[in-house]
Amino acid sequence: MENAMEDKKYIPINCSLYDQLEALSVKKSLLTIEFNSSSGIQKMEKGLIVDFKTQSDGEFAFVSSNESITKIRLDNLISLNGSNVRDEFGESCALPNKK
């Protein structure tokens, strides 16, 4: 069965949010990250961002926690350490479509 969240077109996150995620990764800051999983279920992970990858279906952060790695699509982020990412950073960094 097809999954609606997996088929959702990737929307680039705000550039300032991406910069913040990179800084937190470099500092090895322990984070509480709330996000929607690929199956549409809201989840929470506590851990360190250990890598970023751009793939054909979006940009991803890899979070290490309890000896496992969780792959999180960046446009599915809800909050970082209790702060709503949309409220703090705004929506997208995507360039507007040319007409």
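Everything numeric here is computed off the predicted structure, so don't read it as measured data. (Residues numbered from 1 in each chain as written. Predicted model: local features only at pLDDT ≥ 70, side-chain atom pairs only at ≥ 80, totals over all residues. Heavy atoms only, no water.)

(A) Representation of the pairing of strand β5 (residues 77–80) within the structure. Taken together, the three bridges between strand β1 (residues 31–36) and β5 define a ladder with antiparallel strand orientation. In the sheet register, I33 faces β5, and the bridge partner there is L80. With two bridges connecting them, β5 and strand β6 (residues 83–84) associate as antiparallel partners. Bridge pairing in β6 places S79 opposite N84. Where β5 folds back onto β6 in an antiparallel hairpin, the turn is made up of two residues, including N81, whose phi is positive at roughly 50 degrees. (Pairing = 2+ DSSP bridges. Helix = DSSP H or I, 4+ residues; strand = E, 2+ residues; numbered from the N terminus.)

(B) Fine view of the side chain of S65. Position of S65 relative to the elements: it lies in strand β3 (residues 58–65). Looking at S65, its side chain comes within polar contact range of the side chain of E45, at 2.8 Å. Discounting chain neighbours no more than four positions away, the residues touching S65 are E45, K46 and G47. (Polar contact = N/O pair within 3.5 Å; in protein donor to acceptor, adjacent residues only side chain to side chain. Contact = heavy atoms within 4.5 Å.)

(C) Structural context of the side chain of S79. Within the fold, S79 resides in strand β5. Filtering out sequence-adjacent residues up to four positions away, S79 remains in contact with T32, I33, E34, N84 and V85.

(D) Structural context of the confidence of the model for the chain. Overall, the prediction assigns the chain a mean pLDDT of 88, with 85% of residues at 70 or greater. Across the chain, β1 holds the top mean pLDDT of 97, while helix α1 (residues 4–7) sits lowest at 56. (pLDDT = per-residue confidence, 0-100.)

(E) Focus on the environment of K53. Take K53: it is sitting in strand β2 (residues 42–55). You can call K53 partly exposed: its relative accessible area is 41%. In this structure, the C-alpha to C-alpha distance between K53 and K71, residues 18 residues apart in sequence, is 9.6 Å. Apart from the residues within four sequence positions on either side, K53 is in contact with G58, E59, F60 and F62. (Buried < 20%, exposed > 50% of the residue type's maximum accessible area, 1.4 Å probe, protein only.)

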